[in-house]
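Structural description and commentary
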Amino acid sequence: MGKTKLGVSAGLLGAAVCLVCLFGSGMGYIGTFVLLGYVLLFEENIWLKRTAVKAAVLMFIFALISVFIGFIPDFMEIIRNLMSLFNKPLEGDAVYMIESKIPVLLSNVVNFAKYIFFIALAVKSLGQKTIIIPALDRMLNKHFN
């Protein structure tokens, strides 16, 4: 296992990048960009660079999923407004569930999956291994070879 210019193993720095991406909301984005920039600019280990980019891309994918989940209540409001134009109010338990309960449930599932995924990726990184994600790995193979 190679050492980084910081003096720690590449696996440990890779795990740190994964964990910073896990907590990548708010100030965590700054930490992610600083670590990703450092790794891409100053480190030579290709595995470490791939791992840092993979973690950052996954962080943004999870953020996008969360944004789309947030659109569910907005979409339902559009439907409600359209229905009210035709004097067909959209009401009831099903509408309430779609507007409030389902987005919360989906957010909880996505957050749980994010935590499990990034912790597993960090643990695998300690041994300079990774979790295979076919589409993302194909993209990384294309740009890192």
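Rules behind the numbers
Residues numbered from 1 in each chain as written. Predicted model: local features only at pLDDT ≥ 70, side-chain atom pairs only at ≥ 80, totals over all residues. Heavy atoms only, no water. Axes fitted to C-alpha atoms, helices over the stretch in contact; angles between N-to-C directions. Helix = DSSP H or I, 4+ residues; strand = E, 2+ residues; numbered from the N terminus. Parallel < 35°, antiparallel > 145°, perpendicular 65-115°, else oblique. Left-handed = near helix turned anticlockwise from the far one by under 90°. Contact = heavy atoms within 4.5 Å. Nonpolar A, V, L, I, M, F, W, Y, C, P; charged D, E, K, R; others polar. Disulfide = S-S within 2.5 Å. Salt bridge = Lys/Arg side-chain N within 4 Å of Asp/Glu carboxyl O. Buried < 20%, exposed > 50% of the residue type's maximum accessible area, 1.4 Å probe, protein only.

**Remarks on the packing of helix α3 (residues 46-85) against helix α5 (residues 134-144)**
Where α3 meets α5, the axes come as close as 11 Å, and the angle between the chain directions of the two elements is 135 degrees. Taken together, the axes of α3 and α5 are oblique relative to one another. Judged by the sense of rotation from one axis to the other, the crossing of α3 with α5 is right-handed. Touching K49, R50, V53, K54, V57 and L58 of α3 are L136, D137, M139, L140, N141 and F144, all from α5. Residue composition of the contact of α3 with α5, by class: 7 nonpolar, 1 polar and 4 charged.

**Here's the deal with the state of the cysteines**
The tally for this structure, following the rule as stated, stands at 0 disulfides. Between C18, a cysteine without a disulfide, and C21, which holds the nearest cysteine sulfur, the sulfur-to-sulfur distance is 6.7 Å.

**With respect to the side chain of S125**
By secondary structure assignment, the location of S125 is in helix α4 (residues 93-126). Setting aside chain neighbours within four positions, we find S125 in contact with G11, G14, A15, C18, W47 and T51.

**Quick look at the pattern of salt bridges**
Summed over all chains, the structure comprises 3 salt bridges. Linking E44 and K5 is a salt bridge whose minimum nitrogen-to-oxygen distance equals 3.9 Å. With a gap of 39 residues between them, E44 in the loop between α2 (28-42) and α3 and K5 in the segment before α1 (10-22) connect regions that are remote in the sequence. Relative accessible area serves as the criterion here: at 65%, E44 is assigned to the exposed category. You can call K5 exposed: its relative accessible area is 57%. With a closest N to O distance of 2.8 Å, D137 and K54 form a salt bridge.

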